[in-house]
Amino acid sequence: GGRVFNTAGDGFMLEFGSSLAAVEAAFELAETCEPKVRVGVHLGDVAVQPNGDLLGHGVNVAARLMARSEPGGALVSGAVRQSIRGPVAERLHSQGMLKLDKMAETIEAFALAVATAAASTTTTTQLKSAEPLVAVLPFDNLSSDPEMQFFSDGVSEEIIQRLSGGANLKVIGRTSSFQFRGDKKADAARVLRCSHVLDGSIRRAAGRVRVAAHLVDTSSQTTLWSDRYDRALEDIFAIQDEIAENIAGALDRSFSSAAIAPLDPETYDLYLRGSAPGFSPEQLHKKIGLLEEVIKRAPKFADGWAKLAEWRSLWHFHQPYPQRKAIAKLISTEAELALSLDRQNHYAKTSQLLVMPPFGNFLEYTALADQLRQDTRGLSYSPFYDLSCMSLVAVGRVREAITVSERRIERDSLNAALLHTRGFCLWHGGRFAEARQSFESVLSQWPDYIYSAVDLIIMAAFAEDWAAVDALLAPERLAKFPLGHLTDAATSIASTLRDPSPQTRRRLIEAAHRRFAGTGHADFTSLAFAAQMGFVEVDEVYEIAAKAKFGPTGDSHDVMGPDAYRTNFLFHAHLPAIRSDPRFVELCARLGLVEYWLATQHWPDCADEVPYDFRAECEKARNIPKQEFGF
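As a starting point, this report considers the structure included with it.

Parameters at a glance
- Residues numbered from 1 in each chain as written.
- Predicted model: local features only at pLDDT ≥ 70, side-chain atom pairs only at ≥ 80, totals over all residues.
- Heavy atoms only, no water.
- Helix = DSSP H or I, 4+ residues; strand = E, 2+ residues; numbered from the N terminus.
- Rg over C-alpha atoms; globule rule 2.2 N^0.38 Å.
- Buried < 20%, exposed > 50% of the residue type's maximum accessible area, 1.4 Å probe, protein only.
- Contact = heavy atoms within 4.5 Å.
- Areas by Shrake-Rupley, 256 points an atom, 1.4 Å probe, with all protein chains shown as cover.
- Lys, Arg positive; Asp, Glu negative; His and termini not counted.
- Charge placed at Lys NZ, Arg CZ, Asp CG, Glu CD.
- Patch = residues over 30% accessible without salt bridge, like charges linked within 9 Å, V, L, I, M, F, W, Y side chains within 5 Å.
- Salt bridge = Lys/Arg side-chain N within 4 Å of Asp/Glu carboxyl O.
- Expected span 1.5 Å × (residues − 1).
- Phe/Tyr/Trp six-rings, centres within 6.5 Å; stacked < 30°, edge-to-face > 60°.
- Lys NZ or Arg CZ within 6 Å of the ring centre and 35° of its normal.
- Disulfide = S-S within 2.5 Å.
- Axes fitted to C-alpha atoms, helices over the stretch in contact; angles between N-to-C directions.
- Left-handed = near helix turned anticlockwise from the far one by under 90°.
- Nonpolar A, V, L, I, M, F, W, Y, C, P; charged D, E, K, R; others polar.
- Parallel < 35°, antiparallel > 145°, perpendicular 65-115°, else oblique.
- Polar contact = N/O pair within 3.5 Å; in protein donor to acceptor, adjacent residues only side chain to side chain.
- Core = buried A, V, L, I, M, F, W, Y, C linked by side-chain atoms within 4.5 Å.
- Pairing = 2+ DSSP bridges.

1. With respect to the overall build of the protein
Argument step 1. Looking only at helices and strands, the protein features 30 helices and 16 strands.
Argument step 2. At 27 Å, the protein has a C-alpha radius of gyration in line with the 25 Å of a compact globule built from 631 residues.
Argument step 3. Reported as C-alpha extents along the three principal axes, the dimensions of the protein are approximately 80 × 70 × 50 Å.
Argument step 4. Expressed as a percentage of the 631 residues in the protein, the buried residues total 54%.
Argument step 5. Within the protein, counting contacts between residues at least 6 apart in sequence, those at least 24 apart form 65% of the total.
Argument step 6. When the accessible surface of the protein is summed, it comes to about 27,300 Å², and 53% of that surface belongs to carbon and sulfur atoms.
Argument step 7. Side chains of the protein carry 67 positive and 80 negative charges; the gap between the two charge centres is 1 Å.

Set out below in structure tokens:
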């Protein structure tokens, strides 16, 4: 689809009509050429010569990217990456800022993840020699009833949990691996870059189930293990354990079973239906009902109690604050029952984290979040690992949060929730171009994910990219993908940044004064934004903060959703003004942050960035009383 416009020695200069065509060609060249070639791709201005040759800085950048590329690989400039979308873009991984030879400026470069059988041999061999990485694909449903796909998916997911927990193996998360069904299964090893693939099929009829499974080494395409099980449906837990144990044996790992008591088939069906992903309030309410029936029938089933607690903890974010204490008490009871049956149950620990107050006790909160980050079972599934990662942002450890989120993406590269987490952390850390790409990737897979949409609106508004803001807030888009309770926040911030006049800035602080006068409360996120928008009003911001209570009041002005009243925005790269004043430390002391920093000595990134002795101010604020969240 392109043309050769010049040659030099063993090099070729190629021109394409689109960035996507150029990157697709780079894929094919890097993956198929022997001997191995290096490829550089750039988008920029050129001068067209009468003979068709192209000259200019853009050509030079492409050439220098080629020179820095690895054999059998490609380097793509940030300008190219920003102009493409879809699966091709997802195979480009940031290499940071590069200083190119004989050029003054640095540019961000992205490496092409090459994965042909030949090119991926080295990668896969390295993975194998270090530690296996297994992708469990959704088992094919061979039952006469297509609706039984929920059963096949559920069994496949249970095997993921047994492998990651009982065999302590690195297993790619279900969100990524379950995108490969039917004909797409042939692409799984290449796209996921895993060392092994487990695939199979399930046929269910009457009271029996037939399961076939096989494990393939992706570097050699050899089958390491395969077997077939024809058993009574009540034996499905034993089959899952046997499959996991045989895979562990094939990969030289030991396996320990959780010794789960069998469920009757009808109860197990209810559990699988109640455990399937789905996060709207309506979906959560339906799943809670199914799982309540499960634990009535099987009161000793740990995962039933744990999933019930997890879904209820997500559902409670949508309920009015005065009702939440009673709901949280019920969730705690369900989580403790699950942990009494399985002390390491990841779902139960996740629910405990979700119902903890967003400020006031960061020592307990981050300790539980650290456990979740280190839990191998959580790495293979839970979409709320991202919340435990965000706990680092909440205490100002943004650079560490970025590192952790990127490490997580390596294991679950197609998981939209984790892509959002990565974008969230990058955005707070000031790496705006990469953050924007992550949010856009989320919306390309999951266009109704309101959190990525809102963050992208705010980011675009700070960048004064009003075309992007208007597209995301267009009535036709909002009609199809509403922003729910976040609509007002997104439109308010965008309109303020679009018209940052003194009158607009003044309205921000006046709104804070009115809320304090009416309720005695203030929202520290709104105060941080007001401080940034009008530097002369920082004193007013801290006058309100010194007297106000923080958190919800139980009235219609309360912020809703899982991110409500979290301290993330106090450490945002867009909002340095509030941190530039030593009174910031007093505010943090009242929220419980100073207690955490002094006890752990895990200091926030801003400790070395503010124009005062941050650690000394924390020591002075040691005895400032903390405020309780209240709900």
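2. A closer look at a nonpolar patch on the surface
Argument step 1. On the surface, a nonpolar cluster with roughly 290 Å² of combined accessible area is contributed by Val4, Phe12 and Leu14.
Argument step 2. Within the secondary structure, Val4 sits in strand β1 (residues 2-8).

3. Concerning the pattern of salt bridges
Argument step 1. If you walk through the whole model with that rule in mind, you get 37 salt bridges.
Argument step 2. Salt-bridge contacts for Lys36 lead to Glu34; the nearest nitrogen and oxygen are separated by 3.0 Å.
Argument step 3. On the basis of relative accessible area, Lys36 is assigned to the partly exposed category, the value being 32%.
Argument step 4. Residue class for Glu34 comes out exposed when judged on its relative accessible area of 57%.
Argument step 5. The salt bridge involving Arg204 is made with Asp269; its shortest N-O contact spans 2.7 Å. Residue Arg204 is located in strand β12 (residues 196-205), and its partner Asp269 is located in helix α10 (residues 265-275); the two are separated by 65 residues in the primary sequence.
Argument step 6. Salt bridges sharing partners connect three or more residues here, namely Glu406, Arg422, Arg431 and Glu434.

4. Description of unusual backbone geometry
With the exception of glycine, the majority of residues adopt a negative phi angle, and the majority of peptide bonds are in the trans configuration.
Argument step 1. Along the chain, Glu34 connects to Pro35 via a cis peptide bond; the corresponding omega equals -5°.
Argument step 2. As for its placement among the helices and strands, Pro35 is situated in the loop between α1 (19-32) and β3 (38-41).
Argument step 3. Despite not being glycine, Arg193 has its phi angle at roughly 55°, a positive value.
Argument step 4. Here Arg193 lies in the loop between α8 (188-192) and β12.
Argument step 5. Since its relative accessible area comes to 36%, Arg193 is described here as partly exposed.

5. As for helix α12 (residues 302-315)
Argument step 1. Compared with the 20 Å implied by 1.5 Å per residue over 14 residues, the 20 Å span of α12 between its first and last C-alpha is a close match.
Argument step 2. When you tally the buried positions in α12, you get 14 out of 14 residues, the bulk of the element.

6. Concerning the packing of aromatic side chains
Argument step 1. Within the structure shown, the criterion is met by 22 aromatic pairs.
Argument step 2. Between Tyr271 and Phe301 the ring centres are 4.9 Å apart and the planes differ by 80°, which places this aromatic pair in the edge-to-face class. Here the residue Tyr271 occupies a position in helix α10, and Phe301 occupies one in the loop between α11 (281-297) and α12, the gap between them amounting to 30 residues. Residues Tyr271 and Phe301 agree in their burial class; the two are buried.
Argument step 3. Here Trp427 and Phe439 contribute two aromatic rings whose centre-to-centre distance is 6.1 Å and whose plane-to-plane angle is 85°, an arrangement assigned as edge-to-face. Taken together, the residues span a long stretch of sequence, with Trp427 in helix α19 (residues 416-428) and Phe439 in helix α20 (residues 432-445) at a distance of twelve residues. Accessibility classification places Trp427 together with Phe439 in one group, the buried group.
Argument step 4. Grouped by ring-pair contacts, the aromatic residues Tyr321, Phe359, Phe524, Phe550, Tyr565, Phe629 and Phe631 constitute a single cluster.
Argument step 5. The positively charged end of Arg273 is found above the aromatic ring belonging to Phe150, 3.9 Å away from the centroid.

7. Some thoughts on the state of the cysteines
Argument step 1. Here the structure, examined in full by the defined rule, presents zero disulfides.
Argument step 2. Free cysteine: Cys606, not disulfide-bonded; nearest cysteine sulfur from Cys588 at 7.0 Å.

8. Digging into the packing of α20 against helix α21 (residues 450-462)
Argument step 1. For the pair α20 and α21, the least separation of the axes is 9 Å and the interaxial angle reads 145°. Between α20 and α21 lies a crossing of left-handed hand. Counted together, Phe432, Ala435, Arg436, Phe439, Glu440, Val442 and Leu443 of α20 and Ser452, Ala453, Asp455, Leu456 and Met459 of α21 form the full contact between these two elements.
Argument step 2. Tallied by class, residues from the contact of α20 with α21 come to eight nonpolar, one polar and three charged.

9. Description of the packing of helix α13 (residues 324-341) against helix α14 (residues 346-354)
Argument step 1. As a packed pair, α13 and α14 sit with axes 9 Å apart at the nearest point and diverge in direction by 155°. One finds that α13 runs roughly antiparallel with respect to α14. Note that α13 runs across α14; the crossing there is left-handed. In this structure, α13 contributes Ile331, Ala335, Glu336, Ala338 and Leu339 to the contact, and α14 contributes Ala348, Lys349, Ser351 and Gln352.

10. Considerations on the side chain of Ser351
Argument step 1. Within the secondary structure, Ser351 sits in helix α14.
Argument step 2. There is a polar contact of 2.6 Å between the side chain of Ser351 and the backbone oxygen of Ala348.
Argument step 3. Not counting residues within four places of it along the chain, the set of residues in contact with Ser351 comprises Ala309, Glu310, Ser313, Ile331 and Ala335.

11. A few points about the nonpolar core
Argument step 1. Counting 91 residues, the largest nonpolar core has Phe550, Leu570, Ile578, Phe584, Trp597 and Phe614 as the members making the most contacts within it.
Argument step 2. With residues near it in sequence (within four places) discarded, Trp597 still touches Val395, Phe571, Cys588, His602, Trp603, Pro604, Phe614 and Cys618.
Argument step 3. In terms of nonpolar packing, the next biggest core, distinct from the first, is built from 66 residues, Ile159, Leu263, Leu272 and Met356 among them.

12. Quick look at the environment of Asn623
Argument step 1. By the element assignment, Asn623 lies in the segment after α30 (614-620).
Argument step 2. Taking the relative accessible area as the measure of exposure, Asn623 reaches 71% and is therefore exposed.
Argument step 3. It is 8.3 Å that separates the C-alpha atoms of Asn623 and Ala589, two residues lying 34 residues apart in sequence.

13. So, helix α26 (residues 524-533)
Argument step 1. Along α26, eight of the ten residues are buried, which leaves the element largely enclosed by surrounding structure.
Argument step 2. Among the residues of α26, those classed as buried are Phe524, Leu527, Ala528, Phe529, Ala530, Ala531, Gln532 and Met533.
Argument step 3. Where α26 begins, the capping side chain belongs to Asp523, and its oxygen is found 3.1 Å from the backbone nitrogen of Thr525.

14. Points about the pairing of β3
Argument step 1. Residues of β3 alternate between two faces, with Val39 and Val41 buried on one and Arg38 and Gly40 left unburied on the opposite face.
Argument step 2. Where β3 lies against strand β6 (residues 73-77), four bridges are found, and the strand directions are parallel. Bridging from a neighbouring strand, Gly40 pairs with Leu75 of β6.

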